[in-house]
Amino acid sequence: MSVKICEHRRPERGVIGPRLNAAGRLLKKRFNEVACEEGLFSGQHHIIITLKCNPGMTLSELAKSLNITAATVSVSVKRMEKSGFIEKRPDEKDARTKRLYLTDKGSAVTQNIRDKMDLQESALVKGLSGEEILKLSDLLDRVIENMAKEECPDD
């Protein structure tokens, strides 16, 4: 039995969802490649950057900040702790509470990740004028707001 392979077709002009989905997948793939180059697993660069800006977060604070489950964050944090990127320290006021901090190794990769993400941003907007970049940014903000309203209509 032969399998029919559908060729990739660009959606008709004016259809936004598939385009955002394709751009998002490509960007996520590239960011995950950046993370891998630094010895991190998929998505862990978000944890590194969040802890760089907010040292001492608890696991639940980190999960809430990243909008993912505590269980998912816990798995990544354990891996990152084992690899030497993160350390847990007891809270100064309540030793039962553990706070998350980047190690020297974790801090060292943050600038590499930021630099590589900046290169991806440059590739993303290549060929667009400054005015086009600002317009696209504004339009995407409106799209995100529209989707967020659908997600949480009472807000």
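None of the values given here were measured: they were computed from a predicted structure.

Considerations on a nonpolar patch on the surface
So, point 1. On the surface, Ile16, Leu20, Leu128, Leu136, Leu140 and Ile144 cluster together into a nonpolar patch covering about 480 Å² of accessible area.
So, point 2. Ranked by residue count, the leading element in the nonpolar patch is helix α6 (residues 130–151), at 3 residues.
So, point 3. Tracing the chain through its elements places Leu136 in helix α6.

Structural notes on the packing of helix α2 (residues 44–53) against helix α3 (residues 59–66)
So, point 1. The geometry of α2 relative to α3 is characterised by a closest axis approach of 11 Å and an angle of 110° between their N-to-C directions. Between α2 and α3, the angle is such that the two are roughly perpendicular. Here the hand of the crossing between α2 and α3 comes out right-handed. Each of His46, Ile47, Thr50 and Leu51 in α2 lies in contact with α3, whose residues at this interface are Leu62, Ser65 and Leu66.
So, point 2. For the contact of α2 with α3, a count of residues per class yields 4 nonpolar, 3 polar and no charged.

A short note on the packing of α2 against helix α4 (residues 70–82)
So, point 1. Where α2 contacts α4, the axes come no closer than 10 Å and their chain directions differ by 80°. As far as their axial angle goes, α4 and α2 are roughly perpendicular. Where α2 abuts α4, its residues Gln44, Ile47 and Ile48 lie against Ser76, Arg79 and Met80.
So, point 2. The class makeup of the residues in the contact of α2 with α4 is 3 nonpolar, 2 polar and 1 charged.

Considerations on the layout of surface pockets
So, point 1. Taken as a whole, the largest pocket holds about 900 Å³ of empty space.
So, point 2. Lining the largest pocket we find 20 residues, and of these Leu20, Ala23, Leu124, Leu136 and Leu140 sit closest to its centre.
So, point 3. Secondary-structure elements contributing two or more residues to the lining of the largest pocket are α1 (17–37), α5 (104–124) and α6.
So, point 4. No other element matches α6, which puts 9 residues into the lining of the largest pocket.
So, point 5. Tallied by class, the residues present in the lining of the largest pocket amount to 13 nonpolar, 3 polar and 4 charged.
So, point 6. Roughly 210 Å³ of internal volume is contained in the second largest pocket.

Considering the packing of aromatic side chains
Each pair of aromatic rings is reported with the distance of its centres and the angle of its planes.
So, point 1. The tally for this structure, following the rule as stated, stands at 0 aromatic pairs.
So, point 2. Taking NZ or CZ as reference, Arg79 lies 4.0 Å from the ring centre of Phe41, over its face.
So, point 3. One residue, Arg89, lies across the ring of Tyr101, its end atom 3.9 Å from the ring centre.

Overview of the pattern of salt bridges
So, point 1. Within the structure shown, the criterion is met by 9 salt bridges.
So, point 2. The residue Glu33 makes a salt bridge to Lys29 at a minimum N-O spacing of 2.8 Å. Here Lys29 and Glu33 lie together in helix α1, a separation of 4 residues that amounts to about one turn.
So, point 3. With a relative accessible area of 38%, Glu33 lands in the partly exposed category.
So, point 4. Overall, Lys29 belongs to the partly exposed group, its relative accessible area being 48%.

Some details on the side chain of Gln120
So, point 1. For Gln120, the location among the structural elements is in helix α5.
So, point 2. A polar contact is formed between the side chain of Gln120 and the side chain of Arg30, at a distance of 3.4 Å.
So, point 3. Excluding residues that lie within four positions of it along the chain, Gln120 makes contacts with Arg30 and Phe31.

Definitions and limits used
Within each chain, residue numbers correspond to sequence positions counted from 1 in written order. Since the coordinates come from a predicted model, pLDDT governs what is reported: local features require at least 70, and pairs of side-chain atoms require 80 or more to be given and counted, while whole-chain, interface and lining totals use all residues. As a rule here, side-chain values cover all heavy atoms of the structure and leave hydrogens and water aside. Surface patches are drawn from residues lacking salt bridges whose relative accessible area is over 30%; two like charges belong together within 9 Å, two nonpolar side chains (Val, Leu, Ile, Met, Phe, Trp, Tyr) within 5 Å. All accessible-area figures derive from a Shrake-Rupley calculation using a 1.4 Å probe, and residue coverage is judged against the displayed protein chains alone. For salt bridges, the criterion is a side-chain nitrogen of Lys or Arg within 4 Å of an Asp or Glu carboxyl oxygen. Here a strand is any run of E in DSSP of at least two residues, a helix any run of H or I of at least four, and the numbering for each starts at the N terminus. In this analysis an axis means a line fitted to C-alpha atoms, helices contributing only their contacting stretch, and an angle means the value between N-to-C directions, from 0 to 180 degrees. In these notes the angle categories are as follows: under 35 degrees is roughly parallel, over 145 is roughly antiparallel, 65 to 115 is roughly perpendicular, and the rest is oblique. We call a crossing left-handed when the near helix sits turned anticlockwise from the far one by less than a right angle, and right-handed when that turn is clockwise. Residues are treated as being in contact if the distance between any of their heavy atoms lies within 4.5 Å. For this classification, Asp, Glu, Lys and Arg are treated as charged, while Ala, Val, Leu, Ile, Met, Phe, Trp, Tyr, Cys and Pro are nonpolar and the rest, including Gly, are polar. Computed over the protein atoms alone on a 1 Å grid, cavities are sets of points where a 1.4 Å probe fits but cannot get out and pockets are open sets with protein on both sides within 12 Å along at least five of seven lines; a residue lines them when it has an atom within 4 Å of a point. Grid points are joined across faces, edges and corners, and a volume is the space filled by probe spheres set on the points. Stacked, edge-to-face and tilted are the three classes for Phe, Tyr and Trp ring pairs, Trp counted by its six-membered ring, which pair at centre distances within 6.5 Å; planes under 30 degrees apart are stacked, over 60 edge-to-face, the rest tilted. The rule for a charge over a ring is simple: NZ of Lys or CZ of Arg within 6 Å of the ring centre, and within 35 degrees of the ring normal. Working definition: with a 1.4 Å probe on protein chains only, accessible area under 20% of the residue-type maximum means buried, over 50% means exposed, and in between means partly exposed. We define a polar contact as two N or O atoms separated by no more than 3.5 Å, with the added condition that, inside protein, one atom must be a possible hydrogen donor and the other a possible acceptor, whereas residues neighbouring each other in sequence contribute only through side-chain atom pairs.

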